[in-house]
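Chains, contacts and geometry: an overview
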Amino acid sequence: KVAWNFPFAGMGIVAGGVPCGELMAHQGIRNITRGVMEEVYETANRDIKHRFAARQNHGSPVLIEDNFVEKLWTMSEADSLKGYFPSTVIDYLNKSPVEKDFIFAEPLARAQELGLAVPYMTMVNEVVDILTTCNDSKTRESVQKILTDSMPMATATEATISSSASYSSSPKNTQKKKSEGLDSRKNNQKNNKKNKNAFSSGGRRQLSTVSEVGEQVVEQYDSQQTRNFYKCVMGGGGMDIHFGLFRHNTDNVRVAAENTTELMLNTMDWLKPVKPESVVLDLGSGHGGSTHKMVQRFGNTSVCFNIGEEQNEMNLTFAKDLKIDHRITCQQGDFNLGLPKDWESKFDHVYSCEVLCHAADKPALLSEIRRVLKPGGVLVFSDIMGADGVPEEVLRPFTDRNVTTVMARPSEYHYQLREAGLREVSFTDLSNNLKTFFQLMLDQVNNNYDQFQEEGISPEYLDQWVESLTNRVKVQAEHEAFAWGVFAAVKDTE
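These lines cover the structure that appears in this document, whether it is placed above or below. (Residues numbered from 1 in each chain as written. Predicted model: local features only at pLDDT ≥ 70, side-chain atom pairs only at ≥ 80, totals over all residues. Heavy atoms only, no water.)

With that out of the way, let us pick up the overall build of the protein. Regarding its fold elements, the protein presents 22 helices and 7 strands. With 494 residues in all, the protein has 53% of them scored as buried. Here the analysis covers contacts within the protein between residues at least 6 apart in sequence; of these, 75% occur between residues at least 24 apart. Total accessible area on the protein is roughly 21,800 Å²; 49% of this is exposed by carbon and sulfur atoms. (Helix = DSSP H or I, 4+ residues; strand = E, 2+ residues; numbered from the N terminus. Buried < 20%, exposed > 50% of the residue type's maximum accessible area, 1.4 Å probe, protein only. Contact = heavy atoms within 4.5 Å. Areas by Shrake-Rupley, 256 points an atom, 1.4 Å probe, with all protein chains shown as cover.)

Two measures describe an aromatic ring pair: the distance that separates the ring centres and the angle between the ring planes. Scanning the entire structure with this criterion turns up 16 aromatic pairs. Between W4 and F8, the aromatic rings sit 4.9 Å apart at their centres with planes inclined by 15 degrees, giving stacked as the arrangement. In this pair, W4 and F8 both sit in helix α1 (residues 2-14), 4 residues apart, roughly one turn of the helix. Their ring planes at 65 degrees and their centres at 5.3 Å tell us that Y413 and F487 sit as a pair that is edge-to-face. (Phe/Tyr/Trp six-rings, centres within 6.5 Å; stacked < 30°, edge-to-face > 60°.)

Attention shifts here to the side chain of H414. Inspection of the secondary structure puts H414 in helix α19 (residues 410-419). Beyond its immediate sequence surroundings of up to four residues, H414 is in contact with V425, F427 and F487.

The next subject is the environment of N432. Mapped onto the secondary structure, N432 falls in the loop between β6 (422-429) and α20 (434-447). Sequence separation between N432 and Q476 is 44 residues; the distance between their C-alpha atoms is 9.2 Å. Reaching out from N432, the side chain makes a polar contact with the side chain of N433 at a distance of 3.3 Å. (Polar contact = N/O pair within 3.5 Å; in protein donor to acceptor, adjacent residues only side chain to side chain.)

Further remarks concern helix α6 (residues 100-113). Working note: α-helix, 3.6 residues per turn, so residues spaced by three or four point in the same direction. For α6, with 14 residues, the first-to-last C-alpha span of 18 Å sits near the 20 Å given by 1.5 Å per residue. The sharpest bend along α6 reaches about 30 degrees and sits at E106, with the proline P107 one to four residues further on. Those residues of α6 that fall on the buried side of the exposure criterion are I103, F104, P107, L108, R110 and A111. The N-cap residue of α6 is E99: its side-chain oxygen and the backbone nitrogen of D101 are 3.5 Å apart. Once α6 finishes, G115 follows within two positions and takes phi at roughly 80 degrees, a positive value. (Expected span 1.5 Å × (residues − 1). Bend = angle between axes of the 7 residues up to and from the residue.)

Despite not being glycine, S345 shows a phi value in the positive range, around 50 degrees. Turning to its location among the elements, S345 is positioned in the loop between β3 (328-332) and β4 (347-353). The partly exposed category is assigned to S345, whose relative accessible area is 29%.

In this structure, F229, F243, L281, L283, L379, M441 and F482 are the most contacted members of the largest nonpolar core, which totals 77 residues. The element best represented in this core is strand β7 (residues 482-491), accounting for 8 residues. Once residues within four sequence positions are removed from consideration, L379 is found in contact with V350, L366, I369, L373, L417, L422, F487, A488 and A489. In terms of nonpolar packing, the next biggest core, distinct from the first, is built from 39 residues, V18, L72, V124 and V128 among them. (Core = buried A, V, L, I, M, F, W, Y, C linked by side-chain atoms within 4.5 Å.)

It is worth spelling out the pairing of β7 at this point. For β7, the buried fraction is high: 10 of the 10 residues fall into the buried class. Because side chains alternate across β7, one face comprises the buried residues F482, W484, V486, A488 and V490, and the other comprises A483, G485, F487, A489 and K491, equally buried. With 9 bridges connecting them, strand β5 (residues 373-386) and β7 associate as antiparallel partners. Along β7, the bridge assignment pairs L379 with A489. Of the strand pairs in this sheet, β6 and β7 are connected by 6 bridges, and their pairing is antiparallel. (Pairing = 2+ DSSP bridges.)

Taken in spatial order, the 7 strands of this open sheet run β3-β2-β1-β4-β5-β7-β6, and their pairing is mixed. Looking along the sheet, the strands with just one partner apiece sit at the ends: β3 and β6. With direction set aside, neighbouring strand axes in the sheet form an average angle of 15 degrees. (Axes fitted to C-alpha atoms, helices over the stretch in contact; angles between N-to-C directions.)

Attention shifts here to the pattern of salt bridges. A complete count under the given rule lists 18 salt bridges for this structure. Across the salt bridge formed by E368 and R371, the nearest N and O atoms sit 2.8 Å from each other. Placement of the pair is E368 and R371 together in helix α17 (residues 362-372), with a separation of 3 residues, close to one helical turn. In this structure E368 comes out as buried when scored by relative accessible area, which is 16%. Among the charged side chains, a salt-bridge network with shared partners connects D47, R51, R110 and E113. (Salt bridge = Lys/Arg side-chain N within 4 Å of Asp/Glu carboxyl O.)

Within helix α15 (residues 289-298), 7 of the 10 residues are buried, which leaves the element mostly enclosed by the surrounding structure. Listed in full, the buried residues belonging to α15 are G289, S290, T291, H292, M294, V295 and F298. Among the structural elements, α14 (253-271), β1 (279-283), β2 (301-306), α16 (309-321), β3 and β4 are those in contact with the buried residues of α15. G299 sits one or two positions beyond α15 and adopts a positive phi of about 75 degrees.

Here we take up the environment of G389. Position of G389 relative to the elements: it lies in the loop between β5 and α18 (396-399). For the pair G389 and E113, spaced 276 residues apart in sequence, the C-alpha to C-alpha distance is 4.4 Å.

What follows is about the packing of α14 against α15. Between α14 and α15, the shortest axis-to-axis distance is 11 Å and the interhelical angle comes to 50 degrees. Relative to α15, the element α14 lies oblique. Relative to α15, α14 is oriented so that their crossing is right-handed. Between α14, through E258, T261, E262, L265, N266, M268 and D269, and α15, the contact on the second element is made entirely by S290, K293, M294, R297 and F298. Looking at the contact of α14 with α15 residue by residue, the class counts come to 4 nonpolar, 3 polar and 5 charged. (Parallel < 35°, antiparallel > 145°, perpendicular 65-115°, else oblique. Left-handed = near helix turned anticlockwise from the far one by under 90°. Nonpolar A, V, L, I, M, F, W, Y, C, P; charged D, E, K, R; others polar.)

The contact between α1 and helix α4 (residues 68-76) brings their axes to 11 Å, and the two run at 50 degrees. In terms of axis orientation, α1 runs oblique to α4. When the axes of α1 and α4 are compared, the crossing they make is right-handed. Seen from α1, the contacting residues are A3, W4 and F8; seen from α4, they are F68, L72, W73, M75 and S76. For the contact of α1 with α4, the residue count by class is 7 nonpolar, 1 polar and no charged.

Here is the structure:
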């Protein structure tokens, strides 16, 4: 009901109180109407997944069918509906009370709680609220500005909407659309990355292509200056460059980051002992700090898969200095493009530390990880996430400074891991360490500000980090907006 009423009743009011046929006749308004419908559909399925994961049920949730929007849209194009006024539009025209909460406000609030970018739903809700509160000439001017801001967004998605509409509801085309990971809402977000209107998602970096994600990851981490910056700010000068776990009040950044590595290695070894004959994939290995500790401790063989060429060279140089280079190989690659085909059932363990946040399609990557694990193999990974239920705009201090297409939530990872065919999923929640670590990162920037400039890092870059980290400390203290921890899962034996 909401999937039809939100777009057609909402846009009927936005357009001035018109029947369905007039919405379909104007291409820009038609596109927005379709966009609203797809956002409601996406919200509904995300809500089902979220509730299912929260209850820790076994199996899979029953989702709304893939071709639901197409069937509903086709029905809406029927000649019999051209002159039809939804009852909500009739109430608006008669200046009667309009049911806004159930049809508009509550679905929008739920989408925002789930961290979804829903610019069309946001726009319709805001305009309906304005028009049903006051409909004078000044109000109409305000509405016209909102629509003017939104129309480039509708125009940019015209080709996407048309392409989506060309799919038939046949199982073959529906499965093709699902397997390629191409739904209209995702394409809308990619096409809208340059449209900065009042209703775009706060802070999320919209990246237009998978290759662009990889290019920006290299830019963020693999120059001499940024490597030195992260090594100091997140690693305290050590080789463990990631968020840290504080066991004692006296722990600094370096010790805390080393604690995280120790916890992850212990988790991996407890689930399946790491032996000298074990082959471990370090996914997104950076310059190899975790792998070096792993090989020194267990004597295993490690394959490092990492996108940064210079990081890989550093990894092997350090490994040679430690006399463990015969146990480590590096392969340059972008996991957003998939893992090597010949890695089928190759690894006893997959280890990944704060890398999946850069995955453009996290479910697809988790499926790839399962593919390359041996039967009974173990996955252990940590990641920075948004806390469940936190609106996306609150996470801007992170998403503005990092290559992140979609920031995961813990409940989503629980669901996605099971969907990928992994079992015994566990999560060690370490989020309570983030505020302290954010603050220590900020201290590292401030205390080393002059040295960073001497190394060629611009004041603008440093000032942006100071602002971002200051905001992170604040939002974590006030909202507990970020989540962080270690996931573990096992591939079934066959």
